[in-house]
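Survey of secondary and tertiary structure
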Amino acid sequence: MKLGLIGKAIMNSSSPDLHVRLGGLTEIPTTYDLFDANEQPIDSLESQVRKVVAAGYRGVNVTYPWKEEAVRLADRTSEGARMVGAANTLVFEADGIFAENTDFTGFISGYRATLGERQPGRVLVLGTGGVGKAVAFGLGRLGASEVILMDLDPAKSKRLAEELRAQGFVASTITPEQLAETVPACDGLVNCTPIGHEKSPGCPLPKELVAAHHWIFDAVYVPAVTEFVAAAKAVDAAVMSGVGLFVFQGIDAFKRFCEDDGKRAAVDEQATTLYAHYRRELLGENDA
């Protein structure tokens, strides 16, 4: 089964390891290639998708900056991809391209696997691009009492707030100038910006604002311990790292790529073990 990932700054992605590992567990010989626009010219997502379809790929994952474009390429979409308006998984089927958003489903699974039954409460989400939208809707599904959005482009955060409210979720927006007064009253702090990635180092908000009563999630997982995660650990805040989303979105994507229900069940049975493996490998944690 030929799979791949299309995006920018992805050469250190652990996705090839995860999908090849899942292929081994399910006895489906799997290859997983990286198509990095920083390493090779990609004229457009559509042109790259046409190339991999012609080369016999079963499907691809799509990451920054093409998740919102990915859903527009599809002939059919999942409920999550439609609701979020973005896709990170494209499956090439006989009747066309199917789009799924496993950031949405994977965030929910990763949250439960890491934080259990803890209620999200009031949550600040920084960044309202493709992954930010998926996580915001995931928070709504998890029962967040309010999703507060901040983006350097205020039009984007306002538009997402309207979309969340249309689905029955409580949502609002703030400006960067309101961070200091907003963060202490939040239960959760979520980074869905590229800040903290090895190519964009830093912390998405002033570290001194992170406190013990917060739980935090950082969508960045390269490196696994970002400055934001380190700041949270320093004050004993609960942490869901990007590794949680990475593992569970990958599991959900592989299940879409796979065509056998028995093999999908085998993937589900391995989820806890895989999560523990990557927490050891990427975060240096010894417990699941």
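Residues numbered from 1 in each chain as written. Predicted model: local features only at pLDDT ≥ 70, side-chain atom pairs only at ≥ 80, totals over all residues. Heavy atoms only, no water.

1. As for the overall build of the protein
- Along the backbone of the protein there are 11 helices and 12 strands.
- Here the protein has a C-alpha radius of gyration of 18 Å; the compact-globule value for 288 residues is 19 Å, and the two agree.
- Seen along its three principal axes, the alpha-carbon backbone of the protein occupies a region of about 55 × 40 × 35 Å.
- Within the protein, the proportion of its 288 residues that are buried is 56%.
- Carbon and sulfur atoms provide 48% of the accessible area of the protein, an area that totals close to 12000 Å². (Helix = DSSP H or I, 4+ residues; strand = E, 2+ residues; numbered from the N terminus. Rg over C-alpha atoms; globule rule 2.2 N^0.38 Å. Buried < 20%, exposed > 50% of the residue type's maximum accessible area, 1.4 Å probe, protein only. Areas by Shrake-Rupley, 256 points an atom, 1.4 Å probe, with all protein chains shown as cover.)

2. Comments concerning the sheet that holds strand β8 (residues 146-150)
- Across the sheet, 6 strands lie side by side as β9-β8-β7-β10-β11-β12; this open sheet has parallel pairing. Looking at which strands have only one partner, the edges of the open sheet turn out to be β9 (171-173) and β12 (238-240). Across this sheet, the average inter-strand angle for adjacent strands is 20°, counted without regard to direction.
- Pairing of strand β11 (residues 215-218) with β12, which is carried by 3 bridges, proceeds in the parallel orientation. (Pairing = 2+ DSSP bridges. Axes fitted to C-alpha atoms, helices over the stretch in contact; angles between N-to-C directions.)

3. A word on helix α1 (residues 15-26)
- Across its 12 residues, α1 extends 16 Å between first and last C-alpha, which sits within 8% of the 16 Å expected from 1.5 Å per residue.
- For α1, every residue scored as buried is listed here: Ser15, Pro16, Leu18, His19, Leu22, Gly23 and Thr26. Seen from one end, α1 has its buried residues packed into an arc of 165°, which puts them on one side.
- Where α1 is buried, its residues meet β1 (2-7), β2 (31-36), β3 (59-62), α10 (242-257) and α11 (261-283).
- Glutamate 27 occupies a position one or two residues after α1 and carries a positive phi of about 60°. (Expected span 1.5 Å × (residues − 1). Arc of directions from axis to C-beta. Contact = heavy atoms within 4.5 Å.)

4. Considerations on the pairing of β11
- On β11, burial covers both faces: Trp215 and Phe217 on one face and Ile216 and Asp218 on the other are all buried.
- Strand direction decides the pairing type here: strand β10 (residues 188-191) and β11, joined by 4 bridges, are parallel. The partner of asparagine 191 across the bridge, within β11, is aspartate 218.
- In this fold, the crossover linking β11 to β12 by way of helix α9 (residues 227-234) has right-handed handedness. (Right-handed = clockwise from strand over helix to strand, strands pointing away.)

5. Some words on the pairing of β2
- Pairing between β1 and β2: 6 bridges, direction parallel. Within β2, the position partnered with glycine 7 by the bridge is aspartate 36.

6. A look at helix α5 (residues 102-115)
- Taking 1.5 Å as the rise per residue, α5 with 14 residues should run 20 Å; its terminal C-alpha atoms sit 19 Å apart, in good agreement.
- Listed in full, the buried residues belonging to α5 are Thr102, Asp103, Phe104, Gly106, Phe107, Gly110, Tyr111 and Leu115.
- Its side-chain oxygen placed 3.0 Å from the backbone nitrogen of aspartate 103, asparagine 101 serves as the N-cap of α5.
- Phi turns positive one or two residues past the end of α5, at glycine 116, with a value near 65°. (Polar contact = N/O pair within 3.5 Å; in protein donor to acceptor, adjacent residues only side chain to side chain.)

7. Quick notes on the environment of alanine 74
- By the element assignment, alanine 74 lies in the loop between α3 (67-73) and β4 (76-77).
- Residue class for alanine 74 comes out buried when judged on its relative accessible area of 18%.
- Separated by 18 residues in the primary sequence, alanine 74 and phenylalanine 92 place their C-alpha atoms 9.4 Å from one another.
- Those residues in contact with alanine 74, other than ones at most four positions away along the chain, are Ile97 and Ala99.

8. A short note on the UniProt feature "domain: Shikimate dehydrogenase substrate binding N-terminal" (unreviewed entry) in the protein
- Here, the residues flagged by UniProt with the feature "domain: Shikimate dehydrogenase substrate binding N-terminal" (unreviewed entry) are residues 5-90.
- From the first C-alpha to the last, residues 5-90 spans 10 Å; its make-up is 41% helix and 20% strand. (UniProt positions renumbered as here; feature names shortened; annotations may be inferred.)

9. So, the sheet that holds β4
- Pairing within the open sheet is mixed, and its 6 strands lie in the order β2-β1-β3-β5-β6-β4. Each end of this open sheet is capped by a strand with a single partner; those strands are β2 and β4.
- Pairing geometry for strand β5 (residues 89-93) and strand β6 (residues 96-100), over 5 bridges, is antiparallel. Counted as the bridge partner of glutamate 93 is glycine 96 from β6.
- Running at roughly 45° to β5, helix α2 (residues 45-54) makes contact with β1, β2, β3, β5 and β6 of the sheet.

10. Thoughts on the packing of α1 against α11
- Where α1 contacts α11, the two axes come as close as 10 Å, and the packing angle between them is 130°. The angle between the axes of α1 and α11 places the two elements in the oblique class. Read as a crossing pair, α1 and α11 show a hand that is right-handed. Judged by residue contacts, Asp17, Leu18, Arg21, Leu22, Leu25 and Thr26 of α1 engage Lys263, Ala266, Val267, Gln270, Leu274, His277 and Tyr278 from α11.
- Looking at the contact of α1 with α11 residue by residue, the classes come out as 7 nonpolar, 3 polar and 3 charged. (Parallel < 35°, antiparallel > 145°, perpendicular 65-115°, else oblique. Left-handed = near helix turned anticlockwise from the far one by under 90°. Nonpolar A, V, L, I, M, F, W, Y, C, P; charged D, E, K, R; others polar.)

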